[in-house]
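# Notes for the structure review
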Amino acid sequence: MPEQDHYDVIIIGSGAGGGTLAWKLAPSGKRILLLERGPYLPRERDNWDTTAVFVRAKYHTTEEWLDQDDHEFSPEQNYYVGGNTKLYGAALFRLRPEDFGVIQHHGGLSPAWPLSYDDFEPYYAQGEDLYHVHGAAGEDPTVGPRSSEFPYPPVQHEPRIEKLHEDLVKLGLHPAHLPLGVLLDQDEHGNATHASACIRCNRVDGFPCLVNGKADAQIVCVDPALAAHRNLTLVTDAHVTRLETDEGGRQVTAVQAEMADGSARRFSGDVVVVSCGALNSALLLLRSANDAHPRGLANGSDQVGRNYVRHNNMAVIALSRTPNDTRLQKTLVVNDWYRKGEDWDYPWGSIQMLGKSDGEQLRAMAPRFLAWGAKLTPGGVLEDIARHGVDFWMSSEDLPRADSRITLGRDGTVRLSLPKDNNTEGLARMRQKFDSMLADLGFHQKSHQRGVYLHEGMNIAATAHQAGTARFGTDPQTSVLDTNCRAHELDNLYVVDSSFFVSIGAVNPTLTIVANALRVGDHLLERLA
Ligand SMILES: Cc1cc2nc3c(=O)[nH]c(=O)nc-3n(C[C@H](O)[C@H](O)[C@H](O)COP(=O)(O)OP(=O)(O)OC[C@H]3O[C@@H](n4cnc5c(N)ncnc54)[C@H](O)[C@@H]3O)c2cc1C
Ligand code: SF4
């Protein structure tokens, strides 16, 4: 291997986990290589075009996997510098302290993490700083203690959402400002100042940000680290296909990659960090099986690829009696039923605002949607329906199970299998409760399920919130990684993305991925020193 292809650290994948880790390690002066499967996401008008993004799925992978019944589907994944954060909705929540312990759900137990909320708290604070999280402490009754205020003030509600907030309070609930990662500088009315990168528009959820106003891993980590530290090298269009080990299987000795022009390259590093996202990281470990690791790298426990979690979730649209002219709608969250549902002994989950849908997005769901909406708005014009629509996202916990897993066939076929039902009753009850409140909140009486990001929430292709396929723990029989996210079975292999999750809670996962990358970064800095 030529000397120039040897590094102190190789990080594979530049999303929330890998991009953040690269940012954290870059000031050390160590030679760091960031290998990214995709290119930079092009900046172009289509970034904000509904048809391109949602109907033509221009930025999604076209690869096809199989489900447990042999049906093909295309997983919701995006391969670019910055990973899935290029298209994410930037809702950056901390898990609740209880999420780190055992929770009894209607559908079973959510297991304990080997670390507690207190272990993560300082890193949550650093992650909020790095990802420009705007929020307000003290509003949400379920959040854990904070060592500091939010680094940025909450994104102000626009009038329709402010009214919704007031109506929810009248119902005895505790709506809070949604913690959002945007590079938004607001004037006293909440509008973007002339110097603000984010212009406060209606494209925040599922679209790449054309004006670089979203705190994604490319914008806040990879690009600034590359600009400031010449010891960090980014190689794009480098699809890592296999990790090689020494004969004993304790050291990763080389990383094989396929380049965009079809050529093959090999790199080596003292430390190798896999950060390809929970599903692709598991696949890479499985693909790297060898004599020392016949079931896949680090897979002596047979846990790699299992315990896949992704949230039980549902997007709904409710029709407001008054027009909803909100631009940036993703500003409110209700977590009153996070720990326990109403008149129930088990958790329900979280209700958040979603990015504002437009007529074109609804057209993708027509004619089913059109028939429903036509009853409610004169003429049934989709733009008109969208103008009255208010979009919500309901999220509740699914549980890690051995049969919830990604596997690799001998011929390379990828299969994703989900249990038939995974703790879905809480979500169903939360939806019922939500619908029962609609009239009091100024809506027509029934909400409608919305296909968001091209599918309905429970569809197997809904891999946006993937986690848990190489969980961390203290017991090598039941976990893949130790508490520093180093593989139990290898001395220089780490996994730093959403794979390490033991459970997923009911809030969006990315701030926890970021916090963990910063935490593991501290460990690696010590190791490298
Ligand atoms: C539409 C959408 C909306 C979302 N909204 C939110 C939200 O509001 N809040 C939230 O918390 N989360 C949200 N998410 C989820 C969020 O994007 C993910 O949790 C997060 O990006 C996961 O980080 P990661 O590092 O685990 O993986 P990723 O960010 O997916 O990064 C993995 C990286 O590895 C690269 N890669 C994969 N395989 C290889 C390989 N073999 N070789 C080299 N490189 C490879 C990929 O190209 C990618 O860059 C959303 C996701 C989507 C798709
Ligand atoms: S709201 Fe801000 S961050 Fe979101 S797409 Fe618009 S400009 Fe970009």
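Close contacts around ligand 2 come from 13 residues, with C198, I199, C201, V204 and C209 the closest. Cavity membership is defined here by more than half of the atoms lying within 2 Å of grid points; on that basis ligand 2 lies in the second largest cavity. Each residue belonging to the shell around ligand 2 can be placed in one class, and the counts come to nine nonpolar, one polar and three charged.

Quick look at the site of ligand 1 now. Close contacts around ligand 1 come from 39 residues, with G17, E36, N84, G89 and T510 the closest. One of the backbone nitrogen or oxygen atoms of Y80 is found 3.0 Å away from an oxygen atom of ligand 1. The contact in question runs from a nitrogen atom of ligand 1 to an N or O atom on the backbone of A91, over 2.9 Å. Only α1 (16-25), β11 (238-245) and α11 (510-528) provide two or more residues apiece to the shell around ligand 1. Among the elements that line the shell around ligand 1, the one with the most residues is β11, at three residues.

A separate point is the environment of K24. On the secondary structure map, K24 appears in helix α1. For K24, a relative accessible area of 15% puts it in the buried group. Taking C-alpha positions, K24 is 6.1 Å from G521, a pair spaced 497 residues apart along the chain. Once residues lying within four places of it in the same chain are set aside, the contact partners of K24 are Q126, L518, G521, D522 and L525. Polar contacts involving the side chain of K24 include one to the side chain of D522, which spans 2.9 Å.

Moving on, we come to the sheet that holds strand β17 (residues 389-396). The six strands are arranged β8-β15-β16-β17-β14-β20 in an open sheet whose pairing can be described as antiparallel. Two strands close off the open sheet at either side, each with one partner strand: β8 (176-177) and β20 (448-449). Note that strand β16 (residues 350-353) and β17 share four bridges and pair antiparallel. What sits directly across from I351, in β17, is M394. Strands β14 (312-319), β16, β17 and β20 of the sheet are contacted by helix α10 (residues 425-437), whose axis makes an angle of about 150° with β17.

The next point concerns the packing of α1 against α11. Running from amino to carboxyl end, α1 crosses α11 at an angle of 40°, the nearest separation of the two axes being 8 Å. Here the hand of the crossing between α1 and α11 comes out right-handed. Here α1 contributes A16, G17, T20, L21, W23, K24 and L25 to the contact with α11, which in turn contributes T510, I513, V514, A517, L518, G521, D522, L524 and L525. Counted by class, the contact of α1 with α11 contains ten nonpolar, four polar and two charged residues.

Turning to the packing of aromatic side chains, a few remarks are in order. For the coordinates displayed, the defined rule picks out 19 aromatic pairs. Aromatic side chains F100 and F120 sit 5.4 Å apart centroid to centroid with 40° between the ring planes, which places their arrangement in the tilted category. With F100 in the loop between β4 (72-73) and β5 (103-105) and F120 in helix α3 (residues 117-130), this residue pair connects regions lying 20 residues apart in the sequence. One exposure class covers both F100 and F120, and it is buried. Centroid distance F120 to F500: 6.4 Å. Interplanar angle 10°. Geometry classified as stacked. Taken as a pair, F120 in helix α3 and F500 in the loop between β21 (493-495) and α11 lie far apart in primary sequence, 380 residues in all. Note on accessibility: F120 and F500 belong to one class, buried. Grouped by ring-pair contacts, the aromatic residues F100, W113, Y117, F120, Y124, F472, F500 and F501 constitute a single cluster. Taking NZ or CZ as reference, R160 lies 4.8 Å from the ring centre of F443, over its face.

Each value, and the rule that gives it
Residues numbered from 1 in each chain as written. Chains lettered and ligands numbered in written order. Predicted model: local features only at pLDDT ≥ 70, side-chain atom pairs only at ≥ 80, totals over all residues. Heavy atoms only, no water. Near = heavy atom within 4 Å. 1 Å grid on protein atoms, 1.4 Å probe; cavity = no way out; pocket = protein on both sides within 12 Å on 5 of 7 lines; lining within 4 Å. Sits in = over half its atoms within 2 Å of the grid points. Nonpolar A, V, L, I, M, F, W, Y, C, P; charged D, E, K, R; others polar. Polar contact = N/O pair within 3.5 Å; in protein donor to acceptor, adjacent residues only side chain to side chain. Helix = DSSP H or I, 4+ residues; strand = E, 2+ residues; numbered from the N terminus. Buried < 20%, exposed > 50% of the residue type's maximum accessible area, 1.4 Å probe, protein only. Contact = heavy atoms within 4.5 Å. Pairing = 2+ DSSP bridges. Axes fitted to C-alpha atoms, helices over the stretch in contact; angles between N-to-C directions. Left-handed = near helix turned anticlockwise from the far one by under 90°. Phe/Tyr/Trp six-rings, centres within 6.5 Å; stacked < 30°, edge-to-face > 60°. Lys NZ or Arg CZ within 6 Å of the ring centre and 35° of its normal.

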